[in-house]
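Summary of structural features
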Amino acid sequence: MNHERLYDSESRLVTRIGKAFLTERVVMHGKDLHHQLDHLEWLHLYIYAILGRDPGRNVANMLNCYWVGSSYPDPSIWPNHVAALAGSVRSTPSLGMMAGLSIWEASIYGRRPEVRALDFFYRAGKWCDEGGKLENFVDHEKDQGRILFGYGRPLAATDERIAFTLAKAKEYGFYEGRHLKMAFAVYEHVNKKHGYSMNVAAVHAALAADMGFTCEEYQLILSPGFVTGMAPCFKDARSRPEGSFFPIRCESIVYNGVAKRDWED
Amino acid sequence: MPSDYVYHSNFWLEEPEESNPFAAKACYCHGYDVYGQVITKATWFEYLLLMLKGDRPQPGEAALLEKIALVLANQGPKEASIRAAMNGGVAGTNHSSALMSAMAVGSGLYGGSQELEICMRLWRECEQDVERWKVRLQDPQEDERADIWPAIEHPPGFDPNGDNIPTTLLQSLELLVQFAPDDGALAWLRNHRDILEGFFRCPISITSVAAATFVDLGLDQDQGSMLYLMLRLPGAAVHALEQRKMGWKKFPFYSSAIELEDDPGPYSEHNQEGKQ
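Given the structure is predicted, the values throughout are model-derived calculations rather than measurements. (Residues numbered from 1 in each chain as written. Chains lettered and ligands numbered in written order. Predicted model: local features only at pLDDT ≥ 70, side-chain atom pairs only at ≥ 80, totals over all residues. Heavy atoms only, no water.)

1. Notes on the layout of surface pockets
Within this model, the second largest pocket holds a volume of roughly 1600 Å³. For the second largest pocket, the lining is made up of 48 residues, of which L6 of chain A together with K78, E79, A80 and Y110 of chain B are closest to its centre. Taken together, the elements giving at least two residues each to the lining of the second largest pocket come down to α4 (80-89), α8 (167-179) and α10 (206-216) of chain B. Looking at the lining of the second largest pocket residue by residue, the class counts come to 20 nonpolar, 18 polar and 10 charged. (1 Å grid on protein atoms, 1.4 Å probe; cavity = no way out; pocket = protein on both sides within 12 Å on 5 of 7 lines; lining within 4 Å. Points joined across faces, edges and corners; volume = space filled by probe spheres on them. Helix = DSSP H or I, 4+ residues; strand = E, 2+ residues; numbered from the N terminus. Nonpolar A, V, L, I, M, F, W, Y, C, P; charged D, E, K, R; others polar.)

Written as structure tokens, this is what we have:
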């Protein structure tokens, strides 16, 4: 009977992630939170919590650059816009931030391109391990009609985060990684063949592959990363008159639908 | 005159008051005067279908949507999205936070809207061909690439933890079939579920029933997903409100159920020296 497997976990969960022994102590992945992990910066601890191991200060510093480099206090960016709208209509900080964060899980920016890009580099690496040429792998992906996340026709002339990220990669010892080299080789190929540019998603994903994260770990690491840009957007909108954040007049909804008709027709 | 920034819509028109360009004098949904006609003449479910599909629905379609809305309205505290809302409600969270948690948890691949989307995609691929269903249900992924959603771990629309179709779900299916087309997805599901249930050795779930209903209503998988999320919110709301009143002392706190496999024990300098 299929349902019988549920009996085992109805009132019991055996785990190694840790436990809060409330009023006494907290264990995270085998270490005491308040005595053995207390020296870690918050982001470093977050990475430890996800990975179940300490990947070292250089990885934490490198990922910190992802977060710092994407903290844009600009309410024109759609998730930030949501946080600002929440402030403008006098919702709460947590609701505004969580709503904004949740829409970072999008298809044209944020989580899906990031995950697809990381997966792309792992699959490309496997292809090359099996004796294939990187350029052929890229062409094969294109032939299947797949988007090469991290590459494309430029919306802007440059991505201001690339130089910043590469400088940090040099500083923290990730500049010579295999996947980062692949990211540039792919850029050379698609630039020559299709005129594509490279954006920071490719650089971030290649570095993440060099750091060895799974796609799920990468999603978890990046999920709260943009909250720093949202907080000031919420606060700024909150400080202005209610409902005054880019209000929309009726005629700014441009209608392209059917003509007026009668319900009874 | 619009401002420098405009939004485009193919179904919603607003006409401004002469005295205030930000206030609407009239709104039209797919051409129908919403406040002049729709809200006086339509039912809630007719209006929902009008918004989604673009035309005034047939009476039978609105009746079918109302019945699935009734079926989905409250899946009870065992259902994960409702349980999530209760976890918020019991602590006196914001009502919106409780509903947000219900939607986040209710969007999953096990009983959630993402599973429903896969079911609806498979309906498009397999139609009423039971052999194709057998093949696609075993390997329903679109391609091998990683995505923000993990790979589904069971045949979509089936409950791997179930043994036989629960009575409540069977009652729901039998009722919905009465409001659905004779040759539609619901009727086919009712007539063929036992073949697939035997093949996969587990029963269909509410997700497959909802998916078949939305297919019969002519909705696509995105529309179906939105409806599935919305129509389950009443139960989440009411259970969250009930737990808020019930109080936290009566609500489970699973601490004693959690066993740490590798508990290092209380920290002390002495302990750590011993481990060096």
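2. Focus: the sheet that holds strand β2 (residues 12-17) of chain B
Residue and element names in this part refer to chain B. Strand order in this open sheet of 3 strands is β2-β3-β4, and the pairing throughout is antiparallel. Two strands close off the open sheet at either side, each with one partner strand: β2 and β4 (32-33). Here strand β3 (residues 20-29) pairs with β4 via 2 bridges, running antiparallel. Looking across to β4, one finds that C29 is bridged to Y32. (Pairing = 2+ DSSP bridges.)

3. Structural notes on the nonpolar core
M62, Y66, F121, Y151, L207 and M211 of chain A are the most contacted members of the largest nonpolar core, which has 51 residues in total. The leading source of residues in this core is helix α9 (residues 200-211) of chain A, at 9 residues. Apart from the residues lying within four places of it in its own chain, the contact partners of F121 of chain A are Y151, H179, M182, A183, A202, A205, A206 and A209 of chain A. With 48 residues, the next largest nonpolar core counts I118, L176, L196 and A211 of chain B among its residues. (Core = buried A, V, L, I, M, F, W, Y, C linked by side-chain atoms within 4.5 Å. Buried < 20%, exposed > 50% of the residue type's maximum accessible area, 1.4 Å probe, protein only. Contact = heavy atoms within 4.5 Å.)

4. Quick look at the domain arrangement of chain B
Residue and element names in this part refer to chain B. Split into domains, chain B comes out as domain 1 (12-50) and domain 2 (59-72 + 107-231). The gap between the C-alpha centroids of domain 1 and domain 2 is 33 Å. Each partner contributes residues to the interface: domain 1 has 5 residues there, and domain 2 has 7 residues. Buried surface at the junction of domain 1 and domain 2, summed over both partners, amounts to about 540 Å²; 93% is from carbon and sulfur atoms. Seen at the junction of domain 1 and domain 2, the total is 0 salt bridges. Taken together, the connections running from domain 1 to domain 2 amount to 0 residue pairs in polar contact (both at pLDDT 80 or more). When grouped by side-chain class, the residues that make up the side of domain 1 that touches domain 2 number 3 nonpolar, 1 polar and 1 charged. (Domains from an automatic or database assignment. Buried area = accessible area lost by both parts, 1.4 Å probe. Salt bridge = Lys/Arg side-chain N within 4 Å of Asp/Glu carboxyl O. Polar contact = N/O pair within 3.5 Å; in protein donor to acceptor, adjacent residues only side chain to side chain.)

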